[in-house]
Amino acid sequence: MAPLNVLIREGDNPDLTSERLKGTFSTELLSEAIYGGKKKVQRRREIAKYVDDHKELQDEKPVDFMSREEKIENAARKVVAMRKHYFNCVQNDDKDEAHYYQGLCTHLDGMPIGLHMGMFLPTLYTQTSDEQKEKWLSKAMSLGMIGTYAQTEIGHGTNLRMLETTATFDKTTDSFILHSPTISSTKWWPGNLGKSSNHSIVVAQLYVDKKCYGPHTFLVQLRDEETHQPLPGITIGDIGPKFGINTIDNGFLRFDHYKIPRTNMMMGHSRVERDGTYVKPIHDKVGYGAMVFVRSVMCLMQGTFLGMAATIATRYSAIRRQGVINPGQGEVQVLDYQTQQHRLFPQIARAYAFFLTGKHVRDMYYNVVQNLSEGNADTLPELHAITSGLKSVVTHQTGLGIEQCRMACGGHGYSQASGIPMIYTVAIGGCTYEGENMVMLLQTARFLMRTAAAVRANKRPSTKGPSQFDYFFVPGPRQCRLGQVMTEGESVQAMIECFEHVAKRLTLRAYDRLELRKNQSRSKEDTWNDTAVDLTKASRAHTRVFIAKAFAKAVADIKDFAVSKAMTDLLHLYLTYEIVEIGTSLLEDGFMSGEQLASTQKTIYDLLEKIRPNAVSLVDAFEFDDRQLHSVLGRRDGHVYENLLKWAQHSELNKSDVLPAFHKHLGPMMKEARSKL
Ligand SMILES: Cc1cc2nc3c(=O)[nH]c(=O)nc-3n(C[C@H](O)[C@H](O)[C@H](O)COP(=O)(O)OP(=O)(O)OC[C@H]3O[C@@H](n4cnc5c(N)ncnc54)[C@H](O)[C@@H]3O)c2cc1C
């Protein structure tokens, strides 16, 4: 019978092979369940093979040993090669295939068209009129131009209303004049703005006849298409090295009375007519399309990042032998330590939870876009609320989870050879970009407060379909049902009830505090600020409900019995771990007893034991290719030590046995010290 784990190969590290033989389910079937079927998984393998077979799509040496300039040059070279091979490799322009292909060729650390693909194109799709689509889309899609998204300024990121860049309508020339009136109005941070892009979406305050209509988006050409020189009136450059993503040229940009045609305003939702008449959008949040899109795919991306880190740490923990549990029985795989399992398995569970929730929310996004195209913006605020909360919770937990994975690899986790530092620095940026996390939680809280007001007024809002806030209007149990004899499905339901209970309680508590303080004649704004921590807690609690339901639904949809069983264990671990994390909130009002909480903690230990034989197969089912993982520790074949030694040979420092610094500085110092002895 063929092994259940399809990654087993002859000659692999025997510890990894024996782990793979322990798995109780078919990794193939789990891969199919998460990637959308047999064909999709097959196509991933064909794409990986294609990239393997074409040297120009690969790096000449590990990027970890390249200077920043070399990384940027290497990424640009590969973008061109990727484009050349694109249609040989990606079928029917399929988005999942394209994304995977790109992930294999470039690294997480970035590429010159990252913002073009992630923000520029989505903005062109969602915010332009049909005429503008006709004019710009094919050029942008074929990479006849490279664009980015310039919103943040030195002085303002979160508070968009205070952006200072101006776009003033000039009726006489039928154009907008873009201007950066102060130092703080300098655009600062946009990815690929510094050197790669020749166009950008620019967010600026729209002025018509001296009246300000607030921030609007404009398509702006920044550089000459032939020479790539900045155009007159434009000052542009790179902002310098950062915590991570140094392959990306995040940039600064200033305008000096720079003229663009009126028709370069994004006119899909609002517009300025030839005579200066301003036409406003059907819904004030309709312009958030691209942001909401990015936030909705971020959950999927972050699940992937955490899955990558968990794969590296779990495989490495299977081949790393350190210390003894039972004297005389030799050194154990570090994966056998309960503390290691407690550190790693919840990360595997969260990776799946975020990945599967990400897929769900991406589908929600496409539904909303469909509704919007039919002139119906009803579902947008709810999507905005959930993607804001999700983005915040998922990026935060992913960052913490990746760091756990890194520490679980001991000293080697600290080396860039592990691949984890790159994953971490890329993933953690997500806590800030596309809306700072705290601010995002407060956005979700605004929606929650409206829901709370409806609950207190006993007036359930009428929605056309089911809403993620429905549970607020359904009475739940008064006491936690965990510990009563029940089926697996019922216990999942009982845990979700715990999350719902906490979300309702924290939301209503924040609402009541807001109301109370309002009555104490504080301003509305001060009251909001005084309650902000409680509001963020409510948002996290509601987001937990959403993720738990999405994960439970995805697991319930798995057809194969053995896969379903393995994933149910993971789902239970995810849920019980969350219950313990919010234990205080559950005990606070007596919803859960101390005994129930202790028993849930014990369930976690039982689940760790249950999951142990499947740990490697669970991460293997993500089918991250070695090229994508970019990790010596997480290699599929488990041959870590000999490859660590090979990897270090790339260090520039090893090009000679003695460095010039020795002759210049340390050598003379030591000689002088010795001469005085
Ligand atoms: C890796 C990376 C990539 C980026 N890429 C782009 C890009 O491509 N294009 C682009 O335009 N921008 C980009 N940015 C900028 C990014 O969008 C902003 O940094 C982000 O919106 C936060 O704004 P800020 O930096 O001004 O922080 P601030 O808004 O100044 O926040 C500072 C602190 O104040 C708190 N705070 C601010 N307002 C509130 C509030 N109302 N209530 C409570 N707390 C508050 C925040 O929580 C935070 O702790 C990028 C940033 C990073 C790190």
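The protein chain goes by Acyl-coenzyme A oxidase in an unreviewed UniProt entry, where it is assigned to Steinernema hermaphroditum. Regarding the protein chain, the UniProt comment filed under Pathway (unreviewed entry) reads as follows: "Lipid metabolism; peroxisomal fatty acid beta-oxidation." Taken verbatim from the UniProt record of the protein chain, the Subcellular location (unreviewed entry) comment is "Peroxisome".

**Examining the UniProt feature "domain: Acyl-CoA oxidase C-terminal" (unreviewed entry) in the protein chain**
The positions that UniProt labels "domain: Acyl-CoA oxidase C-terminal" (unreviewed entry) are, in the present scheme, residues 492-671. Overall, residues 492-671 shows 76% helix and 0% strand. The separation of its end C-alpha atoms is 71 Å.

**Some words on the pattern of salt bridges**
Two side chains with opposite charge may pair up if their charged atoms get near one another. One pass over the structure, following the stated rule, counts 50 salt bridges. Linking aspartate 238 and arginine 68 is a salt bridge whose minimum nitrogen-to-oxygen distance equals 2.9 Å. Placement of the pair is aspartate 238 in strand E7 (residues 234-238) and arginine 68 in helix H4 (residues 68-89), with a sequence separation of 170 residues. The residue aspartate 174 makes a salt bridge to arginine 262 at a minimum N-O spacing of 2.6 Å. You can see aspartate 174 sitting in the loop between strand E2 (166-170) and strand E3 (175-179) and its partner arginine 262 sitting in the loop between strand E9 (258-261) and strand E10 (271-272), a full 88 residues away along the chain. Taking relative accessible area as the criterion, arginine 262 reaches 12% and is therefore assigned buried. Taken together, the salt bridges that share partners define one network made up of Arg505, Arg509, Arg513, Asp534, Glu588 and Asp589.

**Details of the site of the ligand**
Lining the immediate environment of the ligand, one finds 19 residues, of which Tyr149, Gln151, Thr152, Thr158 and Glu436 sit closest. Between a nitrogen atom of the ligand and a main-chain N or O atom of tyrosine 149, the distance comes to 2.9 Å. A distance of 2.4 Å is found between an oxygen atom of the ligand and a side-chain nitrogen or oxygen belonging to threonine 158. Those elements giving two or more residues to the shell around the ligand turn out to be strand E1 (147-150) and helix H13 (437-456). With 3 residues, the top contributor of residues to the shell around the ligand is H13. The class makeup of the residues in the shell around the ligand is 10 nonpolar, 8 polar and 1 charged.

**As for the nonpolar core**
Among the nonpolar cores identified, the biggest contains 139 residues, and Leu30, Leu124, Phe345, Tyr352, Phe551, Met567 and Ile579 are the most heavily contacted of them. Of the residues forming this core, the biggest block, 17 residues, is contributed by helix H8 (residues 289-319). What methionine 567 contacts, discounting residues up to four positions off in sequence, is Leu30, Tyr352, Leu356, Phe551, Val555, Ile558 and Leu618.

**With respect to the pairing of E1**
Taking every second residue as pointing to the same face, both faces of E1 are buried, with Gly147 and Tyr149 on one and Thr148 and Ala150 on the other. Two elements, E1 and strand E5 (residues 199-208), share 4 bridges in a ladder whose sense is parallel. In the strand pairing of E5, tyrosine 149 is matched with isoleucine 201.

**Notes on the side chain of aspartate 12**
Within the secondary structure layout, aspartate 12 lies in the segment before helix H1 (14-22). One polar contact links the side chain of aspartate 12 to the main-chain amide nitrogen of arginine 9, over a distance of 3.2 Å. Within the local environment of aspartate 12, its side chain forms a polar contact with the side chain of arginine 636, the two groups lying 2.6 Å apart. When residues no more than four places from it in sequence are discounted, the contact partners of aspartate 12 are Leu7, Thr17, Arg20, Arg636, Asp637 and His639.

**Remarks on the sheet that holds strand E4 (residues 187-188)**
Ordered by their spatial adjacency, 3 strands build an open sheet running E4-E8-E7, and the pairing between neighbours is antiparallel. Each edge of the open sheet carries a strand with a single partner, namely E4 and E7. Two strands pair when backbone bridges link them, and E4 and strand E8 (residues 251-255) are joined in this way by 2 bridges, in the antiparallel orientation. Residue pairing in the sheet places lysine 187 in a bridge with leucine 253 of E8.

**Section: the environment of glutamine 479**
Here glutamine 479 shows up in the loop between H13 and helix H14 (488-519). Residue classification places glutamine 479 among the partly exposed residues on the basis of a relative accessible area of 48%. It is 41 Å that separates the C-alpha atoms of glutamine 479 and glutamine 370, two residues lying 109 residues apart in sequence. In this structure, glutamine 479 is in contact with Gly590 and Phe591, ignoring residues within four places of it in sequence.

**As for the side chain of serine 270**
Looking at the element boundaries, serine 270 is found in the loop between E9 and E10. On the basis of relative accessibility, which here comes to 8%, the residue serine 270 falls in the buried class. Once residues within four sequence positions are removed from consideration, serine 270 is found in contact with His216, Met265, Tyr278, Val279, Lys280 and Pro281.

Conventions adopted
- Residues numbered from 1 in each chain as written.
- Predicted model: local features only at pLDDT ≥ 70, side-chain atom pairs only at ≥ 80, totals over all residues.
- Heavy atoms only, no water.
- UniProt positions renumbered as here; feature names shortened; annotations may be inferred.
- Helix = DSSP H or I, 4+ residues; strand = E, 2+ residues; numbered from the N terminus.
- Salt bridge = Lys/Arg side-chain N within 4 Å of Asp/Glu carboxyl O.
- Buried < 20%, exposed > 50% of the residue type's maximum accessible area, 1.4 Å probe, protein only.
- Near = heavy atom within 4 Å.
- Polar contact = N/O pair within 3.5 Å; in protein donor to acceptor, adjacent residues only side chain to side chain.
- Nonpolar A, V, L, I, M, F, W, Y, C, P; charged D, E, K, R; others polar.
- Core = buried A, V, L, I, M, F, W, Y, C linked by side-chain atoms within 4.5 Å.
- Contact = heavy atoms within 4.5 Å.
- Pairing = 2+ DSSP bridges.

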